[in-house]
Amino acid sequence: HEQAHLTPVLTGQDTRQKVDLIERILTAMGLRGNFPPLLVLIGHGSQSANNPQLAGLACGACCGQSGEVNVRLLASLLNDAEIRQALSQRGVHLAPNCHAIAGLHNTTTDEIQLFDAQLPTALKTHLHRLRQVLDQATHRARAERASSLGLKNIKDQPEALLRALRKRACDRAQTRPEWG
């Protein structure tokens, strides 16, 4: 419940420092222009109930945590009008109709959760289509991994396969639930 209401905030930096940071991040990702109306930033994280090296399965760039905080913070900064204006002065133009949202790929279950997806009405069809594509991709990814996890018999049953993967993620007997 709390997770749905908490939003990361970058403190201790002025607007110029935030713009410097955002510009470096976008440049490192090769993003300088031609942004789509719906800019989706997906981090990754693993889920395991019994793995002493769990941090090693999470994002190295995020210090062994999931990428959730980083992508949520980046999306909120990209949606900030003052930061957009400063980025525009540096040649990084996000169109007024461009909106960034963050998501997290659970690499154990291949589920993708989207955060803070409060979109302008004009972008809701984009979000609906995105959700369809993400759901198809995650079903296919789970089916591809099913055999290596001993779940070949249910690989063509998306709901049963997802339940089995969720169960593995919470099973203390599984030290590496996403690897088999």
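Predicted model, so just to flag it, every value in this text is computed and none were measured.

Rules of the game
Residues numbered from 1 in each chain as written. Predicted model: local features only at pLDDT ≥ 70, side-chain atom pairs only at ≥ 80, totals over all residues. Heavy atoms only, no water. Salt bridge = Lys/Arg side-chain N within 4 Å of Asp/Glu carboxyl O. Helix = DSSP H or I, 4+ residues; strand = E, 2+ residues; numbered from the N terminus. Buried < 20%, exposed > 50% of the residue type's maximum accessible area, 1.4 Å probe, protein only. Lys, Arg positive; Asp, Glu negative; His and termini not counted. Polar contact = N/O pair within 3.5 Å; in protein donor to acceptor, adjacent residues only side chain to side chain. Contact = heavy atoms within 4.5 Å.

A. A look at the pattern of salt bridges. The final tally for this structure, using the stated rule, is eight salt bridges. In this structure, the salt-bridge partner of arginine 90 is glutamate 23, at a minimum N-O distance of 2.8 Å. Separated by 67 residues along the polypeptide, arginine 90 in the loop between helix 5 (81–89) and strand 2 (99–106) and glutamate 23 in helix 2 (residues 15–28) bring together distant segments of the chain. Take arginine 90: its relative accessible area is 30%, and that puts it in the partly exposed class. Put simply, aspartate 110 and arginine 145 hold a salt bridge, and the shortest N to O gap is 3.0 Å. Placement of aspartate 110 in the loop between strand 2 and strand 3 (111–115) and of arginine 145 in helix 6 (residues 124–146) is noted, with a sequence separation of 35 residues between them. Each of the two residues, aspartate 110 as well as arginine 145, counts as buried. Residues joined in a network through salt bridges with shared partners are Arg16, Asp20, Glu23, Arg32 and Arg90.

B. Layout of the side chain of arginine 84. Along the chain, arginine 84 falls in helix 5. Buried arginine 84, no salt bridge; nearest opposite-charge side chain is aspartate 80, N-O distance 7.9 Å. A polar contact of 2.7 Å, which involves the side chain of arginine 84, links it to the backbone oxygen of leucine 78. Engagement of the side chain of arginine 84 in a polar contact is seen with the backbone oxygen of alanine 95, the distance being 2.9 Å. Residue contacts for arginine 84: discarding those within four places in its chain leaves Leu78, Asn79, Leu94, Ala95, Pro96, Cys98 and His99.

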